[in-house]
Amino acid sequence: MTLFHFGNCVSLAYFPYFITYKCSGLSEYNAFWRCVQAGATYLFVQLCKMLFLATFFPTWEGAVGVYDFVGEFMKATVDLADLLGLHLVMSRNAGKGEYKIMVAAMGWATAELIMSRCIPFWVGARGIEFDWKYIQMSFDSNISLVHYIAMAAVVWMFTRYDLPKSFRLPVTILLGLCVYKGFLMELFVHVFLLGSWTALLVKAVLTGAISLCSLFLFVTLVHSN
Amino acid sequence: MFEEASEVLENMLKWSLPLSLVLFLVLLRAEAAHEFSVYRMQQYDLQGQTYGSRNAILNTEARTVEAEVLSRRCVMMRLADFSYEKYQKALQQSAGAVVIILPQNMSTMPQDIVQQFMELEPELLATETIVPVYFALEDEELLSIYTQTQISSSSQGSSSAAEVLLHTATANGFQMVTSGAQSKAVSDWAITSLEGRLTGAGEDLPTIVLVAHYDSFGVAPWLSYGADSNGSGVAILLELARLFSRLYSYKRSHAGRYNLLFFLSGGGKFNYQGTKRWLEDNLDHTDSSLLQDNVAFVLCLDTLGNSDNLYLHVSKPPKEGSPQHILLKELETVVAHQHPELKFSMVHKKINLADDTLAWEHERFGIRRLPAFTLSHLESHRSPARHSIMDKRPHVDLTKLSRNTKVIAETLARVIYNLTEKGVSGDLEIFTEQMQVQEDQLASLLDWLTAQPRAAQLLDKDSSIVHTLEYYLNHYLKDVKRHLVRADKRDPEFVFYDQLKQTMNAYRVKPAIFDLLLAFCIASYLGVLYLAIQNFGLLYSFLRRVTSPRVKQH
């Protein structure tokens, strides 16, 4: 029943996206092609990042078990390009803040889902061998959706001209956390030697915290006028 | 909108293609829980009779013998727990396959288990089965797979529905898959034999033939190293070739009054096919050959690497005054005077043509009316030591092997140079100092012979073992020739099958009910998520209420 398992993983990964798309009212705004455009921007940004990393960052030639903190930190810094990409998408869309955020985040996250999850599922989950990592990947994609929504919201807030002074600092901190979340996660796994399920839990908690903070700031910003 | 869409799609395709290609290449390799080599049980036809396991492919779930349902499953057994009844039970329940796990180092096993397995090997082969039977060497991963399978197999019978449900979520089943094709007969297999000679001084001399078969036999061809049977025989033959070639070229002794013909026969364990065809070719189809003229006797060497017994097997007791009788007497003399700890005796067994296979190699010569003996430390040809995969290098005692070599060499020298008639006492040792039997030579020969399996199905005419033996003989003997035996097309005496070594993959699998359980859990998770998203507005308004009093205060 391995095709069944493939179906399980795909539904676990994809349905939340579908539900979010339907329930957030994006379908009423004909936002489908805009989401696709956001996805295309995602692909372009990823390609640029890959080229940049390949050209300027040497391969790590140290010991196997040692974790290259500085190198990984530098690589994570390149993820700032993600923020630029999101900003680009949002600036091209006219409309309310929420609309822009949702379109950008949905398109971005769906593109990531398709690009990085489809093939592992097709090749791996369909095989005879069973591994928990495919279910973990599906959960991870759910968490990514929330993460990208939060990231888009923070980017949007950062670029607002009417952002109060007191909000600058928290927004910047959140922005930094969003970009370096991957790096922090790897750090935790290495230092505390977390198991795969525990790491997933920590990631979910971290993303939840970031998204709650960004939501709080967003609500305050939007309704303070 | 469509222009926009087409532009978007164009962009997407341009960038996604390289990404997906990269991902595809990286992830195309399938991963298995564990991959290991397995060696199949023998499969061959001899004189029309089929033996061994007929099948090679398998793709079944693993179980151990304790499980209740064994049909269409791969039954795994360890050597320590192996017994013939369990094996029969697996076959009767029409198991899909049997995998027997052997320890890496046989010497860790207690002797009685090894002995019991050696005695069971011919029985395993005698029962022709369509079930593929494989042997695997144990390592840590395989052992863990076995223990996990054992736990799940033994708990299958007695448990309630709730326990079974819990079990499915946590247990690991294993699917065993082999990668090869179905086994089929190998066409046109050539069994190679090698002969070489040392010519004596004079005309029309009688010939002494020394024979040893160089192949080995066991329940799995790739695991038959045949140290004692017949690696010891080959080592002795090669050492005798070296000693006598020195003796024959040594100026002061001159060559003896006998020709010496050395023969390394192939296919010995398959009813001495090499010898049989060699005799036919030499006696029926050639005009002149050493075998047609005066043959004094033929001495076959079979399993001489251990123990303090020595038996001379004959099919007809030698007549007084014949060269065979002289050999017998000289053997007794040498043993009595030089090696009293050795127990020597003659064993007389008539050739029984009604048997499926001949007992010893000398019987082939006996059928063609050539006087022959076999020298062995085994008393019976049915001894399990002759056809066992347990027969590895530790089974050979080097000191006893070199002592046996010396006994044979001394005896032959006394016969060739007629020493007893000339009144030379039985105590005189010829092969000493420069001419002594070199134990290091024997040791290295034996180590080389037992370093790889020598089953007849694995030794093609181009194999390295045949080439090395030919090279060695060429170094000491003259007229070294190859002799090939191919099975007759219409009525083959022997048929070998392939797919004797496979790679087996053990994949971790979950039972079908697990997928259903998982689907149920995922459906409930998605339901909860749907409700959460629907009611997202509640969270939003809550936060708004939390923030707005603060704003109002400003």
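Please read these numbers as outputs of a predicted model, since none were measured by experiment. (Residues numbered from 1 in each chain as written. Chains lettered and ligands numbered in written order. Predicted model: local features only at pLDDT ≥ 70, side-chain atom pairs only at ≥ 80, totals over all residues. Heavy atoms only, no water.)

Trainee: Pulling in residues and values, what's your account of the overall build of chain B?
Mentor: When helices and strands are counted, chain B shows 14 helices and 18 strands. Here the C-alpha radius of gyration of chain B, 34 Å, is well above what a compact globule of 554 residues would show, namely 24 Å. Along the longest, intermediate and shortest principal axes, the C-alpha atoms of chain B span 135 × 60 × 55 Å. Sorting the 554 residues of chain B into buried and exposed places 53% on the buried side. (Helix = DSSP H or I, 4+ residues; strand = E, 2+ residues; numbered from the N terminus. Rg over C-alpha atoms; globule rule 2.2 N^0.38 Å. Buried < 20%, exposed > 50% of the residue type's maximum accessible area, 1.4 Å probe, protein only.)

Trainee: For helix α4 (residues 140-154) of chain B, give the residues involved together with the corresponding values.
Mentor: All names here are of chain B. Relative to the 21 Å expected for 15 residues at 1.5 Å per residue, α4 spans 21 Å between its end C-alpha atoms, a close match to the ideal helical length. All of the buried residues along α4 are L142, I145, Y146, T149, S152 and S153. Down the axis of α4, the smallest arc covering the buried residues is 135°, so these residues share one side. Set apart from the buried face of α4 by more than 90 degrees, the exposed residues are E140 and I151. (Expected span 1.5 Å × (residues − 1). Arc of directions from axis to C-beta.)

Trainee: Run through the state of the cysteines, naming residues and quoting values.
Mentor: Residues and elements named next belong to chain A. Taken as a whole and assessed by the stated rule, the structure comprises zero disulfides over all chains. In this structure C213 is not part of a disulfide, and its nearest cysteine sulfur, from C178, lies 10 Å away. Note on C213: relative accessible area 39%, which makes it partly exposed. (Disulfide = S-S within 2.5 Å.)

Trainee: Before we move on, can you summarise the side chain of N8 of chain A with the specific residues and values?
Mentor: By the element assignment, N8 of chain A lies in helix α1 (residues 2-23). Once residues lying within four places of it in the same chain are set aside, the contact partners of N8 of chain A are D515, L518, A519 and I522 of chain B. (Contact = heavy atoms within 4.5 Å.)

Trainee: Tell me about empty space enclosed by the protein, and please be specific about residues and values.
Mentor: Residues and elements named next belong to chain A. Under the defined criterion, the tally for this structure stands at three cavities of 30 Å³ or more. Its volume calculated, the largest cavity comes out at about 70 Å³. Surrounding the largest cavity, R34, Q37, A38, T41, L88, V89, R92 and N93 form its lining. Of all elements in the fold, only α2 (32-56) and α4 (80-92) reach the threshold of two or more residues within the lining of the largest cavity. Among the elements that line the lining of the largest cavity, the one with the most residues is α2, at four residues. Residue composition of the lining of the largest cavity, by class: three nonpolar, three polar and two charged. (1 Å grid on protein atoms, 1.4 Å probe; cavity = no way out; pocket = protein on both sides within 12 Å on 5 of 7 lines; lining within 4 Å. Points joined across faces, edges and corners; volume = space filled by probe spheres on them. Nonpolar A, V, L, I, M, F, W, Y, C, P; charged D, E, K, R; others polar.)

Trainee: Mind laying out unusual backbone geometry, listing which residues take part and the relevant values?
Mentor: Residues and elements named next belong to chain B. With an omega dihedral of 10°, the bond running from S229 to N230 counts as a cis peptide bond. In this fold, N230 is placed in helix α6 (residues 227-249). A positive phi angle, near 60°, is found at S307, a position not held by glycine. Its identity as a non-glycine residue notwithstanding, R369 has a phi of 60°, on the positive side. By the element assignment, R369 lies in the loop between α9 (362-367) and β15 (372-376).

Everything listed here is a matter of geometry and, on its own, says nothing about what the molecule does.
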